[in-house]
Amino acid sequence: SARGAADTGPTVIALANQKGGVAKTTSVASIGAALAELGQRVLLVDLDPQACLTFSLGVDPDTVERSVHDVLTGSAELDDVVVTCEEGVDLVPSAIDLAGAEAMLLPRPGREYVLRSALEGADTAYDVVLLDCSPSLGVLTLNALTAADALIIPMPCEMLSHRGVGQLLDTVADVQKILNRDLEVWGILPTLFDGRSNHAREVLADVGERYDLPVLEPPIPKTVRFAEAPAVGRSILATARTSKGAQAYRDVATGLLARL
Ligand code: ADP
Ligand code: MG
């Protein structure tokens, strides 16, 4: 774990970017599946009220009995909410009632620490926990950044995708000052990469220097195969095993494994 040798708990990694459509959810599902293939015990947490991760792993957010909402409001323990997915990963599902959790948490003291405490109190041993954030910098995302050892920022290789990253990094700096000194930014994960586009290659070459951040490798190629996966409740690692996209996520996961 990034928290040091004495800590035997999982490495907790948040994937956050307050912009929607940057492949946060796709990356959580795919990196999670890839780490499971590598023999890691993986827990995924869906922190988005839209529940796309939950749906894409074959769990119906409309009929799920207990969700991350119950964990955050204190009416369930994390272990009671976990479901095991075909993907070989465990999932803390989201459900539509999570939208109300922000307002519920607001007046509570220590509201940013609720997820962190829940993860620390979990009985099941995991090697890695991946947090799929909603497209906002609200209380749910602050909970993720407070619980995390590391942050990965998925970002498409297009100029407009940069907007908002400065604001995210300001929030990270605040979190590091006040809520979670140990939070490390592991870097930008370039997504939706079109290698034939000069523009995309220029953005990829420039983005690390612009934000003074590492850029994880390899970039994830843009491919239609990703569109098919969520509908059948499996990640691209199962629906298109040998595709370039699946292989890119396996390579990213192998790079992460060295740091767990
Ligand atoms: P976010 O969680 O940041 O909102 P998603 O993971 O839901 O983003 O991805 C947004 C859309 O882009 C989805 O329709 C997804 O299937 C698609 N997508 C993600 N990664 C790729 C890719 N590498 N190539 C093509 N489409 C992709
Ligand atoms: Mg998402």
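Look a little higher up for the structure.
Attention here is on the structure that accompanies the text. Model, not experiment: these values are computed from the prediction. (Residues numbered from 1 in each chain as written. Chains lettered and ligands numbered in written order. Predicted model: local features only at pLDDT ≥ 70, side-chain atom pairs only at ≥ 80, totals over all residues. Heavy atoms only, no water.)

**Some thoughts on the side chain of Glu-112**
Consideration 1: Note that Glu-112 resides in the loop between helix H5 (101-105) and helix H6 (114-120).
Consideration 2: Its relative accessible area of 16% is what places Glu-112 among the buried residues.
Consideration 3: Beyond its immediate chain neighbours, meaning those up to four positions away, Glu-112 contacts Leu-142, Asn-143, Thr-146 and Leu-179. (Helix = DSSP H or I, 4+ residues; strand = E, 2+ residues; numbered from the N terminus. Buried < 20%, exposed > 50% of the residue type's maximum accessible area, 1.4 Å probe, protein only. Contact = heavy atoms within 4.5 Å.)

**Some thoughts on the site of ligand 1**
Consideration 1: In the vicinity of ligand 1, 13 residues are found, and the nearest of them are Gly-21, Thr-25, Thr-26, Pro-221 and Thr-223.
Consideration 2: Note that a nitrogen atom of ligand 1 is positioned 2.8 Å from one of the backbone N or O atoms of Pro-221.
Consideration 3: Coverage of ligand 1 by the protein amounts to 74% of the 560 Å² it exposes when considered alone.
Consideration 4: When each cavity is represented as a set of grid points, ligand 1 is found to reside in the largest pocket.
Consideration 5: By residue class, the composition of the shell around ligand 1 is six nonpolar, five polar and two charged. (Near = heavy atom within 4 Å. Polar contact = N/O pair within 3.5 Å; in protein donor to acceptor, adjacent residues only side chain to side chain. Areas by Shrake-Rupley, 256 points an atom, 1.4 Å probe, with all protein chains shown as cover. 1 Å grid on protein atoms, 1.4 Å probe; cavity = no way out; pocket = protein on both sides within 12 Å on 5 of 7 lines; lining within 4 Å. Sits in = over half its atoms within 2 Å of the grid points. Nonpolar A, V, L, I, M, F, W, Y, C, P; charged D, E, K, R; others polar.)

**Notes on empty space enclosed by the protein**
Consideration 1: Inspection of the entire model under this criterion finds one cavity of 30 Å³ or more.
Consideration 2: Met-155, Pro-156, Cys-157, Ile-188, Pro-190, Val-203, Leu-204 and Val-207 are the residues that line the largest cavity.
Consideration 3: Of all the elements in the fold, those that place two or more residues in the lining of the largest cavity are strand E6 (150-156), strand E7 (184-191) and helix H9 (198-211).
Consideration 4: With three residues, H9 is the largest single contributor of residues to the lining of the largest cavity.
Consideration 5: Here the residues of the lining of the largest cavity are counted per class, giving eight nonpolar, no polar and no charged. (Points joined across faces, edges and corners; volume = space filled by probe spheres on them.)

**Quick word on the layout of surface pockets**
Consideration 1: When its volume is computed, the largest pocket comes out at roughly 390 Å³.
Consideration 2: For the largest pocket, the lining is made up of 22 residues, of which Ala-23, Thr-25, Thr-26, Cys-52 and Pro-230 are closest to its centre.
Consideration 3: Those elements giving two or more residues to the lining of the largest pocket turn out to be helix H1 (24-37) and helix H2 (52-56).
Consideration 4: The leading source of residues in the lining of the largest pocket is H1, at five residues.
Consideration 5: Its residues placed into classes, the lining of the largest pocket shows eleven nonpolar, eight polar and three charged.

**Details of the pairing of strand E1 (residues 11-15)**
Consideration 1: The element E1 is largely enclosed, with a buried count of five among its five residues.
Consideration 2: Here E1 shows two buried faces, one formed by Thr-11, Ile-13 and Leu-15 and the other by Val-12 and Ala-14.
Consideration 3: Bridge analysis of E1 against strand E5 (residues 128-132) gives five bridges, and the strand direction is parallel. Within E5, the position partnered with Ile-13 by the bridge is Leu-130.
Consideration 4: Across three bridges, E1 lies against E6 in parallel orientation. Paired with Leu-15 across the bridge in E6 is Ile-152. (Pairing = 2+ DSSP bridges.)

**Describing the sheet that holds strand E3 (residues 83-84)**
Sheet strands line up and pair through hydrogen bonds in the backbone, either parallel or antiparallel.
Consideration 1: The mixed open sheet is built from seven strands, whose spatial order is E3-E4-E2-E5-E1-E6-E7. Since the sheet does not close on itself, it has two edges, and those belong to E3 and E7, each with one partner.
Consideration 2: Pairing of strand E2 (residues 42-46) with E5 involves five bridges; the strand directions are parallel. Across the sheet, residue Leu-43 finds its bridge partner in E5, namely Val-129.
Consideration 3: Its contacts with the sheet put helix H8 (residues 165-178) on E6 and E7, and the angle it makes with E6 is roughly 175°. (Axes fitted to C-alpha atoms, helices over the stretch in contact; angles between N-to-C directions.)

**Section: the pairing of E2**
Consideration 1: Across the five residues that make up E2, a large majority, five, are buried.
Consideration 2: Both faces of E2 are covered, namely the face carrying Val-42, Leu-44 and Asp-46 and the face carrying Leu-43 and Val-45.
Consideration 3: Bridging between E2 and strand E4 (residues 90-92) involves three bridges; their strand directions are parallel. Within E4, the position partnered with Leu-44 by the bridge is Leu-91.

**Thoughts on the state of the cysteines**
Consideration 1: Tallied over the entire structure, the rule returns zero disulfides.
Consideration 2: Here Cys-52 is not disulfide-linked; the sulfur of Cys-133 is the nearest cysteine sulfur, at 14 Å.
Consideration 3: According to the relative accessible area criterion, Cys-52 is partly exposed, its value standing at 39%. (Disulfide = S-S within 2.5 Å.)

**Digging into the environment of Gly-21**
Consideration 1: Note on placement: Gly-21 falls in the loop between E1 and H1.
Consideration 2: With 98 residues separating them in the primary sequence, Gly-21 and Leu-119 have C-alpha atoms 27 Å apart.

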